[in-house]
Amino acid sequence: MTAEVIDGKAAAARLRERVGALALDFARQAERKPGLAVVLIGEDAASQVYVGAKGKATVAANMNSFEHHLPADTPQDALLTLVEQLNADKAVDGILVQLPLPPQLDAQAVIAAISPDKDVDGFHVSNAGRLAVGQDGFVPCTPLGCMMLLEERHGSDLSGMEAVVIGRSNIVGKPMAQLLLQANATVTIAHSRTRNLAEVVRRADVVVAAVGLAEMVRGDWLKPGATIIDVGINRLPPEPGAGKGRLVGDVAFAEAREVAGAITPVPGGVGPMTIAVLLRNTLVAAYQNSGLAKPDI
Ligand code: GUN
């Protein structure tokens with residue numbers, strides 16, 4: 001069998017299009033555009049690329065982008081003061097502080113300072129708790145994007161399906177498991193201490209790989225016909241004479257493709273969905289923060 005390759009780029013473009021149209025509707029009703037503030041601290045190259053991409057996508061979706069770039073040695077109280085200003089700013093619907101932070105800064109304290117109503121990353125304990133008990137709240141962008149891709153293939157009810165999430169981070173693994181559980185899947189969270197990982201993965205009708213280890217999940221670990229969602233983005237060492245190494249996921253794509261029923265590629269799978277969902281969450285925040293009835297998206 002050769003798996004269907006799930007086109008995350010196309011799904012993300014459709015979502016951005018829908019959000020962009022709804023943002024115009026919002027602007028007509030509220031007489032202002034939805035606004036997303038992105039805070040970047042320091043000069044991390046990858047973070048600068050992500051933040052630049054977020055800003056461009058925000059403007060392209062008919063929203064205001066407020067970018068705050070602070071020096072690497074910014075003290076905690078200065079960052080908290082900025083977050084407080086953004087919490088109070090009526091033009092700002094969503095606040096995203098790009099992670100990771102430089103070592104003098106306490107990410108948990110910074111996330112705790114963001115108003116849960118503007119926490120479009122879904123990282124605040126209030127939103128994490130809401131997700132855990134099944135209440136409405138902001139859901140982290142990457143796992144929600146994974147669910148949207150799964151929904152295109154399987155619908156919103158995963159009753160009777162076994163799902164294995166590899167990775168237990170607060171940003172991906174744990175919220176992903178909660179969403180799969182809400183969709184009625186039977187969920188296992190595997191991680192670096194799991195024994196016989198290949199055997200655990202072999203039970204799964206749905207595998208979500210979010211470990212950050214290049215091509216760790218092999219083709220012969222997979223149940224034939226399974227749906228594979230690969231969250232990993234890893235750069236391989238460059239070939240001799242080449243500038244940069246290839247980007248690969250946490251799943252050995254060529255092997256997995258011969259066994260799976262459907263698989264997301266890297267790049268072009270989950271990655272593009274993350275920014276599209278961030279825009280979707282910002283639009284939802286704008287409707288909620290301005291007291292207008294929010295559309296279904
Ligand atoms: N760094 C890498 N991914 C993310 C994300 O989704 N949100 C934030 N705030 N930082 C990140």
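See above for the structure.
Residues numbered from 1 in each chain as written. Predicted model: local features only at pLDDT ≥ 70, side-chain atom pairs only at ≥ 80, totals over all residues. Heavy atoms only, no water.

Kindly report on the pairing of strand S2 (residues 35–41), identifying the contributing residues and their values.
For S2, the tally of buried residues reaches 7 of 7 residues, placing the bulk of the element in the interior. Every second residue of S2 is oriented toward a common face, with Gly 35, Ala 37, Val 39 and Ile 41 on one face and Leu 36, Val 38 and Leu 40 on the other, all of them buried. With 7 bridges joining them, S2 and strand S3 (residues 64–70) adopt parallel strand pairing. Its bridge partner lying in S3, Leu 36 is registered against Ser 65. Once the chain exits S2 it traverses helix H2 (residues 45–60) before rejoining the sheet at S3, and the crossover so formed is right-handed. The pairing of S2 with strand S4 (residues 94–97) spans 4 bridges and is parallel. Following the sheet pairing, Val 38 is matched in S4 by Leu 96. (Buried < 20%, exposed > 50% of the residue type's maximum accessible area, 1.4 Å probe, protein only. Helix = DSSP H or I, 4+ residues; strand = E, 2+ residues; numbered from the N terminus. Pairing = 2+ DSSP bridges. Right-handed = clockwise from strand over helix to strand, strands pointing away.)

Outline the layout of surface pockets, supporting the account with residue identities and numerical values.
Computed from the structure, the largest pocket encloses a volume of approximately 1,400 Å³. Taken together, 46 residues form the lining of the largest pocket, with Tyr 50, Thr 142, Ile 233, Gly 271 and Thr 274 sitting closest to its centre. Residue assignment for the lining of the largest pocket shows that the elements contributing at least two residues are helix H1 (8–30), H2, S4, helix H6 (141–154) and helix H10 (270–289). No other element matches H2, which puts 7 residues into the lining of the largest pocket. Here the lining of the largest pocket is built from residues that sort into 27 nonpolar, 10 polar and 9 charged. By volume, the second largest pocket is sized at about 780 Å³. (1 Å grid on protein atoms, 1.4 Å probe; cavity = no way out; pocket = protein on both sides within 12 Å on 5 of 7 lines; lining within 4 Å. Points joined across faces, edges and corners; volume = space filled by probe spheres on them. Nonpolar A, V, L, I, M, F, W, Y, C, P; charged D, E, K, R; others polar.)

Provide a residue-level description of the site of the ligand, including the pertinent values.
Around the ligand, the neighbouring residues are Leu 96, Val 97, Gln 98, Leu 99, Asp 121 and Phe 123. Here a nitrogen atom of the ligand sits 2.8 Å away from a polar atom, N or O, in the main chain of Val 97. In the model, a nitrogen atom of the ligand is placed 2.6 Å from a nitrogen or oxygen of the Asp 121 side chain. The fraction of the free accessible surface of the ligand (280 Å²) that becomes covered by protein chains is 79%. The residue makeup of the shell around the ligand, split by class, is 4 nonpolar, 1 polar and 1 charged. (Near = heavy atom within 4 Å. Polar contact = N/O pair within 3.5 Å; in protein donor to acceptor, adjacent residues only side chain to side chain. Areas by Shrake-Rupley, 256 points an atom, 1.4 Å probe, with all protein chains shown as cover.)

Account for the pairing of strand S6 (residues 186–190), naming residues and giving values.
Relative to S6, strand S5 (residues 162–166) runs parallel, the two sharing 5 bridges. Note on S6: the bridge partner recorded for Val 165 is Ile 189. Following the chain from S5 across helix H7 (residues 173–182) to the adjacent parallel S6, one finds a crossover that is right-handed.

How would you sum up the packing of H6 against H10? Please name residues and give values.
Running from N to C, H6 and H10 cross one another at 110°; their axes reach a closest spacing of 8 Å. Taken together, H6 and H10 sit at an angle that is classed as roughly perpendicular. Here H6 contributes Cys 141, Thr 142, Leu 144, Gly 145, Cys 146, Met 148 and Leu 149 to the contact with H10, which in turn contributes Val 270, Met 273, Thr 274, Val 277, Leu 278, Arg 280 and Asn 281. Of the residues assigned to the contact of H6 with H10, the class counts are 9 nonpolar, 4 polar and 1 charged. (Axes fitted to C-alpha atoms, helices over the stretch in contact; angles between N-to-C directions. Parallel < 35°, antiparallel > 145°, perpendicular 65-115°, else oblique. Contact = heavy atoms within 4.5 Å.)

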